[in-house]
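Coordinates in review
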Amino acid sequence: MSQAAVIPQNATPAWVLPSRGIVGMACLIVAESAIFIIFVVAYLYYLGKSLTGPTPRDVLELPIFTSICLISSSLTVHLAVSALHRAKQSLCSLWLAATVLLGGIFIGGTAHEWYQLIYHDGLTIRTNLFGTTFYSLVGLHATHVVVGLIMLSLALIFSLNGAMTTRHTEKLEVLSLYWHFVDAVWVVVFTVVYVLGR
Amino acid sequence: MLTRPVWFGLAVQVSSNPTTIFAPSGTPAHSIFGLSLLVLGITAAIFLVVAGLLLYVVVRFRHRPSDANAAQEPPQIYGSTQIELSWTVIPILIVVMLFLATARIILLTQNATKPADALDITVIGHQFWWEYHYPKLGIVTANELHIPVSDPRHPTPTYLTMTSADTDHSFWVPRLAGKTDLIPNRVNTMWMDPQAPGLYLGQCAQYCGTQHALMLLRVYADSPADFARWVAHQKQPAVEDPSVAEGRAVFQHNACISCHTVAGTVATGTFGPDLTHLASRDTIASGAIPNTAANLRAFVDNPANFKPGCLMPPMHLNQHDLDAVTAYLTTLK
Amino acid sequence: MATQAPATAGIGQPANLSHTAPRRLVLEVLHDWVTTVDHKKIGLMYIGYALIFLVIAGFEALLMRVQLAIPNNHFVSPQVFNQLFTMHGTTMVFFVGMPILFGFGNYLIPLMIGARDMAFPRLNAFSFWISAFGGLLLYFSYLGGSGLYGAGAAPDVGWWAYAPLTARVFSPGHSTDYWTLAILLSGVGTIGTAINIVATILCMRCPGMTLNRMPLLAWLYLVMSCLVFVTISPLTAAQIMLMLDRYVGSHFFDTQAGGSAVLWMHFFWIFGHPEVYVLVLPAFGFANEIIPVFSRKAIFGYPAMVAASVGIGFISLSVWAHHMFTIGMTAGANTFFTLATMVISVPTGIKIFNWLATLWGGKIHFTASMMFALGFLVQFLLAGLTGIMLSVAPFDWQLGGSYFVVAHFHYVLVGAILFMIFSAFYYWFPKMSGRMLSEKLGKWHFWLFLIGFHLTFDFMHIPGLLGMPRRIYTYEADRGWMIWNMIVSSGAIFQTIATLLFVYNMVWSYFKGPIAGPDPWDAWTLEWSTSSPPPNYNFAVIPTVDSRRPLWDLKHPDDPDSYYE
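A brief report on the enclosed structure follows. (Residues numbered from 1 in each chain as written. Chains lettered and ligands numbered in written order. Predicted model: local features only at pLDDT ≥ 70, side-chain atom pairs only at ≥ 80, totals over all residues. Heavy atoms only, no water.)

**Remarks on helix α4 (residues 224-235) of chain B**
Note that an α-helix has 3.6 residues per turn; residues three or four places apart therefore point the same way. Residue and element names in this part refer to chain B. For α4, which comprises twelve residues, the first-to-last C-alpha distance of 17 Å matches the rise-based estimate of 16 Å (1.5 Å per residue) to within 8%. By the burial criterion, the buried members of α4 are F227, W230, V231 and Q234. Across the axial projection of α4, the buried residues extend over an arc of 100°, all falling on one side. Buried residues along α4 sit in contact with β1 (119-126), β2 (129-134), β3 (139-142), β4 (144-148) and β10 (216-222). (Helix = DSSP H or I, 4+ residues; strand = E, 2+ residues; numbered from the N terminus. Expected span 1.5 Å × (residues − 1). Buried < 20%, exposed > 50% of the residue type's maximum accessible area, 1.4 Å probe, protein only. Arc of directions from axis to C-beta. Contact = heavy atoms within 4.5 Å.)

Structural data, given as structure tokens:
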């Protein structure tokens, strides 16, 4: 006791720990990434190994427009969070609505693409290995987008009826982290399926 | 504890056991055996040292209430960089040594050069039997594998090229080599070169379904003369004994021919084992049952008598047909 | 807990007003437990749940050992045997091992880091209930198909469920579906609890408790939970693929369509190997708390222990294909996985040596808890050494898939992990229930279980060396395996009696055991500063700590840890 210098109470550093929500979402993202990686590995492993049926080159077109929409929605959700942080309620609602719209366009585009693939190109999940790995990987991503859209729509409703205020900024930020993750996964899927795979 | 006679008995039992890994015959099994002795020696030494230390510690540093300073806490030691470094470095050295010894054997076994007069056999695993093709000799057989003994001076190893027709299996004859799996849509190779003639036993070592336990292996290592004799015999088409014409008719008019092949007849099915020389084998049902007329009859009547879950259905033959077809099958030497 | 104050007691009320509080209705108690989000109650539910499944899966093992005691036995049919080994393995890994370890973690972590609960209490409850449902779903399979006779549609594909045995064509009934869905559900619960543990440890430590001062148990649970994120997920992904194959006609593992059986193996073992580290790391955590206390010394080499644990976590992700040495990989791949597996022995060895060094110079108290911990030390050493043997790929070509491997992993799971779990029970039962377990019964439990364990699992190595593969419902009489199988089976009887003794000890001691008080072992971490059992809120005032052993500092103000760290 006599050896240590006496440290005045008000000089001890504040005990600051990371936010639970952010850490929790980060962990969820790690786990989900691992799931996606396995589906990507399966996709890459089976490239060129289909015994029959259409190949990626035959039927896939680059989904430029929908990808731009999805990636922009990351920007809009970020703007929504910073608007909420500055207590700009209606601006936050606006950006949230834009995010939901852009995400919705992406899903609609995916649905259209799948319709073409199934009914015009004859590619289903059971057609060949490409069909199996394509629909499962893109479908898994689309499912995550839909879940994100549901959550974002809920946030939009709360923002519109005034229940979500600036003190909920961190919660919205946690949700936006999930949305950024979904977009990042799309970058990977886009590269693997539409660029490398063809 | 265990007296010397017991150890001796153990050793005898272990080395006379038909499937022990400690009685290798042939190069792959021998190299594994040599490596395993090294590994066992190292691990035994580590165990004796560490467990010995633990025993010492537990005796020497036990709390004795009668001690003068029993109530005092012992000196708190939080660590020692030097000591911790030493017990990091020494294990690393042991690992390096063990790894190098192992890598050598892996390369020796897997990348061995195949001599020109190696025997090629294609093995196809089925639920729950083994199919063998000798492509260069034009032979197809099942369940009992005959290979030539290999003279170390002029090696004639047998190379197995293996795959499966259904689920995963594994070919394990411990005295000849380590096991290698038979996997559908994949081709694996292994080799063996028994140096003593005899019957080597083993069994399927990858769970493949209900009757995995009775998918047994019988590898006959024949002297060159015996092997040549066996090959010549196997190349013959099926024996056509007129006295069992009735049984042959029963066989050929029932569903038997859709699963089984009998060379030189209308039976060309490939779902089940080739029966051309069935009666020349010591066992039926993939090593599970001795090949006697009574057993054959009971098996054909209802395979589930011996192997419930095997894929051959009961044939629902009446007693008379059963007798006839059994008599026929016993002539297929 | 019958001795707790009524739920309406405010903060600051002592916890044991049992002599004046009215007895609560059974329905009230049930409602309390079913709707609780309190980490202590959830922890106890996990533990109780796991103990029930331990008994059931143990019974399945007993049936198998009766069948295998003599060759060509007809005690159970091949179909039932194949279901027994599948259910035994699946239950022990997913519904005994994981829940019991999560139970201890849930109970202890907030107490040890000075928090009032886990980071996400509702997620905690949800994770428990969905895991529990998974277990019930798995066992409901016994009633599916043809019902209890013939063991229904219980899974029979082995706990690894290799493709293509699990394809519709080779497994036409629902056994595989029960296996897949039960584990998928419990996997969700597992990931949820892991998220909770990481968030709690990173975000809710009491002031002064830097990561460097955290109890090692918390460190080990932190590493284990991080491992869960990258380990359970591959299994979840592979199982989704399997369900798609079986129901929607996809071809992930359909070898007829060009699919690969080996891909399932890779995905499964990328889960399966780190999974065993998920199971063993908490056991290490218990050892890190218990061995120092009963040696009366601080753990030797705290930083090295942390580094070794993190190292083990990382390296465990690179060794998975040592389960696939026999599938025909290239010499290069076999060599790599041999090396990676051998390398993991270095940090593991460091831990064993550090425990030895902790015992050295100490004053060892042979309580029941400590005896189990010492058993753990010896047995874990042996298990690690047989693991080194198996890491040598050519040796594994002989012994992989044989009873040698079964003996090895049971040595780890039972000899190391279960022994350490027993040790943890004797150590923390007083804290959780307020009463001591009977030391006398505990010693009977220890010796009987030790004898049974060694009879079974020492001798089990021998049939493997003599060529006996695993997962066979019977064997030929001429193989010379019978005597060894008889000895192995006889050990099961001792283990059964010992376990029943243990259960009896817990039940009896809960009602009649001596009162424990807050700190029966004179220990040093924060959970021993609360009453036994702790109040709902854990700590009336959140503590501030300035060393790794806050209670040691309080008890030894002349020689506090904070001097040395």
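Here the narrative resumes.
**Quick look at the arrangement of the chains**
For the two pairs of chains in contact, the largest share of contacts goes to chains B and C. Regarding chain A and chain B, the two do not touch, and the least distance separating their C-alpha atoms is 12 Å.

**Side note on the pattern of salt bridges**
Tallied over the entire structure, the rule returns 19 salt bridges over all chains. Between R479 of chain C and D478 of chain C there is a salt bridge, with the nearest N and O atoms lying 3.7 Å from each other. The network of salt bridges with shared partners includes E73 of chain B together with R296, D519, D522 and K555 of chain C. (Salt bridge = Lys/Arg side-chain N within 4 Å of Asp/Glu carboxyl O.)

**Some words on the interface of chain B and chain C**
Counting from both sides, the interface comprises 91 residues of chain B and, opposite them, 102 residues of chain C. Counting the surface lost from both chain B and chain C, the interface buries some 7,800 Å², and carbon and sulfur atoms represent 68% of this. Taken as a group, Y78, W87 and Y207 of chain B account for 11% of the area that chain B buries against chain C, more than any other trio of residues on that side. Inspection of the chain B/chain C interface yields one salt bridge. Residues E73 of chain B and R296 of chain C are paired through a salt bridge, measuring 2.7 Å at the closest nitrogen-oxygen approach. The interface formed by chain B and chain C includes 34 residue pairs in polar contact (both at pLDDT 80 or more). Of all the elements in the fold, those that place two or more residues in the side of chain B that touches chain C are α1 (4-16), α2 (27-60), α3 (81-110), β7 (180-182) and β9 (198-204) of chain B. With 16 residues, the single largest contributor to the side of chain B that touches chain C is α2 of chain B. Taken together, the residues of the side of chain B that touches chain C break down into 51 nonpolar, 32 polar and eight charged. (Buried area = accessible area lost by both parts, 1.4 Å probe. Polar contact = N/O pair within 3.5 Å; in protein donor to acceptor, adjacent residues only side chain to side chain. Nonpolar A, V, L, I, M, F, W, Y, C, P; charged D, E, K, R; others polar.)

**Considerations on the sheet that holds strand β8 (residues 188-192) of chain B**
Residue and element names in this part refer to chain B. Spatially, β3-β2-β1-β5-β8 is the arrangement adopted by the five strands of the open sheet, whose pairing is mixed. Since the sheet does not close on itself, it has two edges, and those belong to β3 and β8, each with one partner. Averaged over all adjacent pairs, the angle separating strand axes in this sheet is 25°, with direction ignored. Across five bridges, strand β5 (residues 158-164) lies against β8 in antiparallel orientation. (Pairing = 2+ DSSP bridges. Axes fitted to C-alpha atoms, helices over the stretch in contact; angles between N-to-C directions.)

**Focus: the interface of chain C and chain A**
Opposite the 37 residues of chain C that make contact, chain A presents 31 residues. The largest contributions to the chain C side of the interface with chain A come from C203, H251 and F252 of chain C, which together make up 18% of the buried area. Linking chain C with chain A are zero salt bridges. Here chain C and chain A share ten residue pairs in polar contact (both at pLDDT 80 or more) between them. Elements with a contribution of two residues or more to the side of chain C that touches chain A: α5 (175-203), α6 (216-248) and α7 (261-295) of chain C. Tallying contributions element by element places α6 of chain C first for the side of chain C that touches chain A, with ten residues. Split by residue class, the side of chain C that touches chain A holds 25 nonpolar, eleven polar and one charged.

**Describing a nonpolar patch on the surface**
Residues and elements named next belong to chain A. On the surface, V146, V147, I150, M151, L154, I157 and F158 cluster together into a nonpolar patch covering about 600 Å² of accessible area. In this structure, M151 sits in helix α5 (residues 129-160). Residue M151 is classed as partly exposed on the basis of its relative accessible area, which comes to 41%. (Patch = residues over 30% accessible without salt bridge, like charges linked within 9 Å, V, L, I, M, F, W, Y side chains within 5 Å. Areas by Shrake-Rupley, 256 points an atom, 1.4 Å probe, with all protein chains shown as cover.)

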